[in-house]
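# Architecture and fold: a report
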Amino acid sequence: MINPRKKLDLEEVYNYILANHLTMVTPERYVSIDKIARIVEEENIEGDIVECGCWRGGMSIYMAYSFPDRPLWACDSFAGFEPIEKRRRLGAKIDIHHSMGLTEVWAPGNTTKKVSLSAPYDNVVDSFKAIGLSENTGVTLVKGYVQDSLYTEEIQDIKKIALLRIDVDAYSATYDVLEALYDKVVPGGYVVFDDSAIPCTREAIEDFSTAQGIDIPQKLLSPNLEPAQFPFHDAGQIYKKGT
């Protein structure tokens, strides 16, 4: 039995995330989650919440309290990016991130900083526990590269997904997530592409859509949930799965 999550104001949760440097996601993409959460509840959309590419856990923590009564799965290698030679597939576009070294990302105050994209698993577990989240409250951290971890029994047992958030920054991993989990997203559910402005991610979305005969690129929404004027122009674009 899942123990209920304690009641926390989302502003308090967001401030915790910023104070502990747990996110590189810009504020408007947190607002997107607020809007999606309201719609999911209003439309009674069933399913779990899944994030692939949780890094230090900031967005997953926020979503756990945005959807306090739903199981949440936070997936990451916790070791940076999979070596290129081990990836199942490569696109024509060059993957811009890699496991070694530092990457320049957004930081609070609309500044930038250089960080490692590897987040040690034990540190992430501690960050979740410090704000009251664990498997006992229906929040599960899933460790491993997505081409392997999404085919474990616990993930395959997920029947329905209301919100799938993809933040894996690479062609192969984006395609792998869609291949493993897209069919579990229920009609009316959402897929958030945090990296929609990155060419290799865009290519993966286009290739998957073509292979499956679906219309993700044509129906992308902006982070404010309005039709995207320029698909793939902005980070954090969103797809609402058709009924």
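Scroll up a little and you will see the structure.
What comes next concerns the included structure. (Residues numbered from 1 in each chain as written. Predicted model: local features only at pLDDT ≥ 70, side-chain atom pairs only at ≥ 80, totals over all residues. Heavy atoms only, no water.)

## What to know about the overall build of the protein chain
For the record, the criterion: Secondary structure counts use DSSP, requiring at least four H or I residues in a row for a helix and at least two E residues in a row for a strand, with both numbered from the N terminus. In what follows, a contact means two residues having at least one pair of non-hydrogen atoms within 4.5 Å. The Shrake-Rupley method, run with a 1.4 Å probe sphere, supplies the accessible areas, and residue values consider only the shown protein chains as cover.
Scanning the protein chain from N- to C-terminus turns up eight helices and eight strands. Restricting the contact set of the protein chain to residue pairs at least 6 apart, pairs at least 24 apart contribute 74%. When the accessible surface of the protein chain is summed, it comes to about 11400 Å², and 50% of that surface belongs to carbon and sulfur atoms.

## A short note on the packing of aromatic side chains
We count it as follows: Stacked, tilted and edge-to-face are the three classes assigned to paired rings of Phe, Tyr and Trp, where Trp is represented by its six-membered ring and a pair needs centres within 6.5 Å; plane angles under 30 degrees give stacked, over 60 edge-to-face, the rest tilted. Between buried and exposed lies partly exposed: a residue is buried under 20% and exposed over 50% of the maximum accessible area for its type, with that area taken using a 1.4 Å probe on protein chains only.
A full pass over the atoms with the stated rule returns eight aromatic pairs. Measuring from ring centre to ring centre gives 6.5 Å for Tyr-182 and Tyr-239, while their planes differ by 35°; the resulting arrangement is tilted. Of this pair, Tyr-182 sits in the loop between α7 (171-181) and β7 (185-193) while Tyr-239 sits in strand β8 (residues 237-240), and the two are 57 residues apart along the sequence. For Tyr-182, a relative accessible area of 6% puts it in the buried group.

## What about helix α8 (residues 199-212)?
We count it as follows: For a helix, the expected span equals 1.5 Å multiplied by the residue count minus one.
Between its terminal C-alpha atoms α8 stretches 20 Å, which fits the 20 Å expected from 14 residues at 1.5 Å a residue. Taken together, the buried positions of α8 are occupied by Cys-200, Thr-201, Glu-203, Ala-204, Ile-205, Phe-208 and Ser-209. Within two residues after α8, Gly-213 carries a phi angle of roughly 70°, on the positive side.

## Observations concerning the pairing of strand β2 (residues 72-76)
How we decide: Each pair of strands is called paired provided DSSP finds at least two bridges between the two strands. Orient the strands so they point away from the viewer; a crossover is then right-handed if the path from the first strand over the helix to the second runs clockwise.
The buried count for β2 comes to five of five residues, which makes it a mostly enclosed element. By the alternation rule, side chains of β2 split into Leu-72, Ala-74 and Asp-76 and Trp-73 and Cys-75, which are all buried. Summarising the sheet, strand β1 (residues 48-52) and β2 pair through four bridges and their orientation is parallel. Residue pairing for β2: Val-50 is matched across the bridge by Trp-73. Viewed along the sheet, the connection from β1 through helix α3 (residues 58-66) into β2 turns out right-handed. The pairing of β2 with strand β5 (residues 139-143) spans five bridges and is classified as parallel.

## Brief notes about helix α1 (residues 10-19)
Condition: Working note: the arc is built from the helix axis to C-beta atom directions. In protein, a polar contact means a hydrogen-donor-capable atom and an acceptor-capable atom, both N or O and within 3.5 Å, with residues adjacent in sequence counting only if both atoms are side-chain atoms; elsewhere, any N or O pair within 3.5 Å suffices.
What α1 keeps buried is the set Val-13, Tyr-14, Tyr-16 and Ile-17. Seen from one end, α1 has its buried residues packed into an arc of 155°, which puts them on one side. Exposed positions of α1 whose direction lies more than 90 degrees from the buried face are Glu-11 and Ala-19. At the N-terminal end of α1, a side-chain oxygen is found 2.9 Å from the backbone nitrogen of Glu-11, two or three residues along, and the residue is Asp-9.

## What to know about the sheet that holds β2
To keep it simple, the criterion reads: As a rule, the C-alpha atoms of each element are fitted with a line to give its axis, helices using only the stretch in contact, and angles between N-to-C directions run from 0 to 180 degrees.
If you walk across this open sheet you meet the six strands as β5-β2-β1-β6-β7-β8, and the pairing is mixed. Bordering the open sheet on either side are β5 and β8, each of which pairs with just one other strand. Along the sheet, successive strands turn relative to each other by an average axial angle of 15°, direction set aside. Set on the sheet, α7 makes contact with β1, β6 (161-166) and β7; between it and β6 the angle comes to about 170°.

## Concerning the pattern of salt bridges
Rules: Throughout this description, the term salt bridge denotes a Lys or Arg side-chain nitrogen within 4 Å of a carboxyl oxygen of Asp or Glu.
As enumerated under the stated definition, the model contains eight salt bridges in all. The residue Arg-29 makes a salt bridge to Asp-194 at a minimum N-O spacing of 2.8 Å. Remark: Asp-194 occurs in the loop between β7 and α8 and Arg-29 occurs in helix α2 (residues 27-42); sequence separation between them is 165 residues. Asp-194 matches Arg-29 in its accessibility class, with the two residues each being buried. Glu-46 is paired through a salt bridge with Lys-160; the nearest N and O atoms lie 2.6 Å apart. Of this pair, Glu-46 sits in the loop between α2 and β1 while Lys-160 sits in the loop between α6 (153-156) and β6, placing them 114 residues apart in sequence. Relative accessible area serves as the criterion here: at 46%, Glu-46 is assigned to the partly exposed category.

## A look at unusual backbone geometry
Backbone geometry follows two general trends: most residues other than glycine have a negative phi, and most peptide bonds adopt the trans configuration. For Phe-78, which is not glycine, the phi torsion reads 60° and is therefore positive. By the element assignment, Phe-78 lies in the loop between β2 and β3 (103-107). The backbone phi angle of Phe-232 is positive, close to 75°, even though this residue is not glycine. Looking at where Phe-232 falls in the secondary structure, it is placed in the loop between α8 and β8.

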